[in-house]
Amino acid sequence: MDRTGEVKAVQGEWLEIEFCRPADCEKCNACHGGQKVMNLRLKGRARVGDKVVVSLPASTVTRASVIVYLIPLMGLFLGMALGNLYIPLQNSLGAILGGLIGLGIPALVLALTEKRRQSDPKWRPQLVRVIPAASEE
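Let me sum up the structure you'll find in this document. Just so you know, these numbers come straight off a predicted model, no measurement behind them.

1. Side note on the nonpolar core
Within the largest apolar cluster, 8 residues are counted, these being V7, L15, I17, F19, L42, A46, V52 and V54. Of all the secondary structure elements, the ones that give two or more residues to this core are β2 (14-20) and β4 (51-55). With 3 residues, β2 is the largest single contributor of residues to this core. V54 has contacts with M1, D2, R3, I17, F19, L40, L42, P125, Q126, L127 and V128, leaving out every residue within four places of it along the chain.

This is the structure we're talking about:
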């Protein structure tokens, strides 16, 4: 998945890149609280005003989505089922307690393993190309 953005600031080898959301996303507002702009800090060489192409493989985006959304959701449902079955409390209290535990365990595992994913280059966007500001296409 490639996105084109504009370099807004350069601090040493770090670039602050601003992306505008695609037109397809205008109606959804599900991400970034409805903002039309997203910023990313990325290592690279460019100047303020340059356009840059940033890439993250679609398989990585899919894997990240599964890790962040699907696994905790499965934990929630499994916890609810097991809580309802093994915690004999009144009404749905066992299912609620089991659901919270089932959601909490994957969230804790994700939090504990996040630093490792952040240091792995395959999980980070890569700078593919710099388009100098003077020669925009």
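From this point, things continue past the structure.
2. Overview of a nonpolar patch on the surface
A contiguous nonpolar patch, built from L89, L93, I96, L97, L100, I101, I105 and V109 and spanning about 730 Å² of accessible area, is present on the exposed surface. The topology assignment puts L97 in helix α2 (residues 93-119). When its relative accessible area of 37% is taken as the criterion, L97 is described as partly exposed.

3. Quick notes on the environment of L93
Tracing the backbone through its elements, the reader meets L93 in helix α2. With a relative accessible area of 47%, L93 lands in the partly exposed category. Considering only alpha carbons, one finds L93 and G83, 10 residues apart in sequence, at a separation of 8.4 Å.

4. Examining the pattern of salt bridges
Taken as a whole and judged by the stated rule, the model has 4 salt bridges. We note a salt bridge from E6 to K8, for which the minimum N-O separation is 3.6 Å. A relative accessible area of 24% means that E6 is categorised as partly exposed. Of the residues examined, K8 reaches a relative accessible area of 36% and is grouped as partly exposed.

Basis of the calculations
Per-chain numbering applies: the sequence of each chain, read as written, is numbered from 1 onward. Predicted model: local features are reported for residues with pLDDT of at least 70 only, side-chain atom pairs are reported and counted for 80 or more only, and whole-chain, interface and lining totals are derived from all residues. Processing note: side-chain calculations cover all non-hydrogen atoms of the structure and skip hydrogens and water entirely. We define a nonpolar core as any set of buried Ala, Val, Leu, Ile, Met, Phe, Trp, Tyr and Cys residues linked to one another through side-chain atoms lying within 4.5 Å. Working definition: with a 1.4 Å probe on protein chains only, accessible area under 20% of the residue-type maximum means buried, over 50% means exposed, and in between means partly exposed. A run of H or I in DSSP becomes a helix once it reaches four residues, and a run of E becomes a strand once it reaches two; helices and strands are each numbered from the N terminus. Only heavy atoms enter the contact rule, under which two residues are in contact if any of them lie within 4.5 Å. Only residues whose relative accessible area exceeds 30% and that take part in no salt bridge are eligible for patches, with like-charged residues grouped when within 9 Å of each other and nonpolar side chains (Val, Leu, Ile, Met, Phe, Trp, Tyr) grouped when within 5 Å. The method behind every accessible area is Shrake-Rupley, applied with a 1.4 Å probe, and residues are considered shielded solely by the protein chains displayed. For this analysis, a salt bridge means a side-chain nitrogen from Lys or Arg found within 4 Å of a carboxyl oxygen belonging to Asp or Glu.

Just geometry here; none of it tells us what the structure is for.
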